[in-house]
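# Residue-level structural notes
Each chain, letter by letter, is given below.
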Amino acid sequence: MLPYLMTYYGNPHSRTHAYGWESEAAMEKARRQVADLIGADHREIIFTSGATESNNMAIKGVARFYKSRKKHIVTTQTEHKCVLDSCRSLETEGFQVTYLPVKRNGLIDLKELEAALQPDTSLVSVMTVNNEIGVKQPIRDIGEICRAHKVFFHTDAAQAIGKIPMDVNDMKIDLMSISGHKIYGPKGVGAIYVRRRPRVRLEPLQSGGGQERGLRSGTVPTPLAVGLGAACEVAQQEMEYDHKRISLLAERLVTKIMNEVPDVVMNGDREHRYPGCVNLSFAYVEGESLLMALKDVALSSGSACTSASLEPSYVLRAIGTDEDLAHSSIRFGIGRFTTEEEVDYTVQKCIQHVKRLREMSPLWEMVQDGIDLKSIKWTQH
């Protein structure tokens, strides 16, 4: 990225001078690198500011373009907030949205998906890998169903790109959202894949000079695009090695914790998952307290720490997790640069603090005495 931040400062859309051509060549190389990672044609890649923008473009863009004939969209209850909020904003415009439930393991029921499709369904949007529980949906099967019913299929692949093999043609994906910083690229850049044959039409969210096939006006930031392209190329080379290594580290983390601490639940399907995203519920421990105790480790809680009511995560609620367990969830992210020592350190600290917090918990004491907590009638003060 450095040469394009310092030396080659031309606007990639300026066709009349050498400065522009240099930047354009770099941008087009990056476009090919992104396309190669997902088996697409480089002309089908549109640069955006990240997966949030890509998701908004895909959902609102398709819905609005085909609205004269099709007013129905299908998605799932465990999508990223930007997908759910895009769908909600379309509902205020008169669209009908079906929010499919998921099974207890976090996977959707394909029969339910097929049953939800209507003659006026324009789009199905299902994320590839869930960002909270790491569950991997049957994308190829969903693609087959959508293609058979002549419905466009969009997937938010921010958590999957560069981590698991993705091929848009093999999986019959029509639109795909990509984020730069999820694959060790720069923040503030992403891409959307938009299929050319059969052609997907979008109504652009942003009007202007008609850059990026008229779908996303505005000057493409060359250094960021170059960074995204390079990250995609590295991800393609390292994917197999990374996946094996991360799988071993995740296995080490989960096994060691579960061997030492009773009453730990792993959220989401054990088989169909990306191993680098591990979500564990530690019964009788408040997730926030555990996070505070582990403040030298970069973790996040399953519960929405920022919301005033401290509502537990809607993803965990959708898979039927009890409210108390949802409040005791911690998400561990394991990546390319995570070391064995870091995993062991985290495990040791985790075990130590879970035991300490449980000793302080009257609920834990009651469970040890054989009292069924569900049988207790709590009074409201």
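The structure contained in this document is the topic of the report that follows. (Residues numbered from 1 in each chain as written. Predicted model: local features only at pLDDT ≥ 70, side-chain atom pairs only at ≥ 80, totals over all residues. Heavy atoms only, no water.)

What follows covers the overall build of the chain. Secondary structure assignment for the chain yields twelve helices and eleven strands. In summary, the chain has a C-alpha radius of gyration of 23 Å against a globular reference of 21 Å for 381 residues, a match within 12%. C-alpha extents for the chain along the principal axes are approximately 80 × 50 × 40 Å. Put simply, the chain has 381 residues, and 53% of those count as buried. Here the contacts in the chain between residues at least 6 apart in sequence split such that 69% fall between residues at least 24 apart. Roughly 18,000 Å² of accessible area belongs to the chain as shown, and the carbon and sulfur atoms make up 52% of that amount. The chain carries 47 positive and 48 negative side-chain charges, and their two centres are separated by 6 Å. (Helix = DSSP H or I, 4+ residues; strand = E, 2+ residues; numbered from the N terminus. Rg over C-alpha atoms; globule rule 2.2 N^0.38 Å. Buried < 20%, exposed > 50% of the residue type's maximum accessible area, 1.4 Å probe, protein only. Contact = heavy atoms within 4.5 Å. Areas by Shrake-Rupley, 256 points an atom, 1.4 Å probe, with all protein chains shown as cover. Lys, Arg positive; Asp, Glu negative; His and termini not counted. Charge placed at Lys NZ, Arg CZ, Asp CG, Glu CD.)

Inspection of the entire model under this criterion finds 19 salt bridges. Between D85 and K81 there is a salt bridge, with its nearest N and O atoms 3.3 Å apart. With D85 and K81 both in helix α4 (residues 81–91) and four residues apart, this pair spans about one turn of that helix. Given the relative accessible area of 47%, K81 is considered partly exposed. Two residues, D242 and R336, come together in a salt bridge whose shortest N-O distance is 2.8 Å. (Salt bridge = Lys/Arg side-chain N within 4 Å of Asp/Glu carboxyl O.)

A complete count under the given rule lists five aromatic pairs for this structure. On the basis of an interplanar angle of 65° and a centroid distance of 5.1 Å, the ring pair of F65 and Y66 is categorised as edge-to-face. Exposure remark for F65: the relative accessible area of 34% places this residue in the partly exposed category. With a centroid separation of 5.6 Å and 50° between ring planes, the pair formed by Y284 and W364 is classed as tilted. With Y284 in the loop between β9 (277–282) and α8 (287–293) and W364 in helix α12 (residues 362–368), the pair connects residues that are 80 residues apart, well separated along the chain. The class of W364 is buried, set by a relative accessible area of 16%. One aromatic cluster is present, formed by F65, Y66 and F152 through successive ring pairs. Positioned above the aromatic ring of F95, the side-chain terminus of K71 is 4.6 Å from the ring centre. The residue whose ring lies beneath R358 is W364, and the NZ or CZ to ring-centre distance is 4.5 Å. (Phe/Tyr/Trp six-rings, centres within 6.5 Å; stacked < 30°, edge-to-face > 60°. Lys NZ or Arg CZ within 6 Å of the ring centre and 35° of its normal.)

Spatial ordering of the open sheet is given by β8-β9-β11-β10, a layout of four strands whose pairing is antiparallel. Two strands close off the open sheet at either side, each with one partner strand: β8 (264–266) and β10 (300–301). Bridge count between β8 and β9: three bridges; the pairing is antiparallel. Note that in β9 the partner of M266 across the bridge is L280. Packing of helix α7 (residues 222–260) onto the sheet brings it into contact with β8, β9 and β11 (329–333), and relative to β9 it is tilted by some 10°. (Pairing = 2+ DSSP bridges. Axes fitted to C-alpha atoms, helices over the stretch in contact; angles between N-to-C directions.)

A full pass over the atoms with the stated rule returns one cavity of 30 Å³ or more. There is about 40 Å³ of room inside the largest cavity. Lining the largest cavity, in full, are T78, G106, M127, N130, I133, V135 and Q137. When its residues are assigned to classes, the lining of the largest cavity shows three nonpolar, four polar and no charged. (1 Å grid on protein atoms, 1.4 Å probe; cavity = no way out; pocket = protein on both sides within 12 Å on 5 of 7 lines; lining within 4 Å. Points joined across faces, edges and corners; volume = space filled by probe spheres on them. Nonpolar A, V, L, I, M, F, W, Y, C, P; charged D, E, K, R; others polar.)

At their nearest, the axes of helix α3 (residues 51–65) and α4 sit 9 Å apart, and the two run at 30° to each other. Comparing the axis directions of α3 and α4 gives the class roughly parallel. Taken as a pair, α3 and α4 cross one another with a handedness that is right-handed. Taking contact as the criterion, the partners of T52, N55, N56, I59, K60, A63 and R64 in α3 are, on α4, C82, V83, S86, C87, S89 and L90. Counted by class, the contact of α3 with α4 contains six nonpolar, five polar and two charged residues. (Parallel < 35°, antiparallel > 145°, perpendicular 65-115°, else oblique. Left-handed = near helix turned anticlockwise from the far one by under 90°.)

Packed helices, taken two at a time, are described by the angle their axes make and the gap between the axes. It is at 10 Å that the axes of α7 and helix α11 (residues 340–359) come closest, and there the two elements cross at 25°. The orientation of α7 relative to α11 falls into the category roughly parallel. Where α7 crosses over α11, the handedness of that crossing is right-handed. Where α7 abuts α11, its residues L249, R252, L253, K256, I257 and E260 lie against E340, V343, D344, T346, V347, C350, I351 and K355. Of the residues assigned to the contact of α7 with α11, the class counts are seven nonpolar, one polar and six charged.

Our focus in this paragraph is the pairing of strand β6 (residues 175–179). Where burial is concerned, most of β6 is hidden: five out of the five residues are buried. Burial along β6 is two-sided: the residues L175, S177 and S179 and M176 and I178 are all buried. Sheet topology places strand β5 (residues 152–156) next to β6; three bridges connect them, and they run parallel. Within β6, the residue paired with T155 across the bridge is M176. Relative to strand β7 (residues 190–194), β6 is paired through five bridges, and the arrangement is antiparallel. Bridging across to β7, I178 finds its partner in A191.

To continue, consider the layout of surface pockets. One number sums up the size of the largest pocket: a volume of about 880 Å³. Along the walls of the largest pocket sit 36 residues, with G276, G333, I334, G335 and T338 positioned nearest its centre. Of all the secondary-structure elements, those providing two or more residues to the lining of the largest pocket are α7, β11 and α11. Here the element with the most residues in the lining of the largest pocket is α7; it accounts for six residues.

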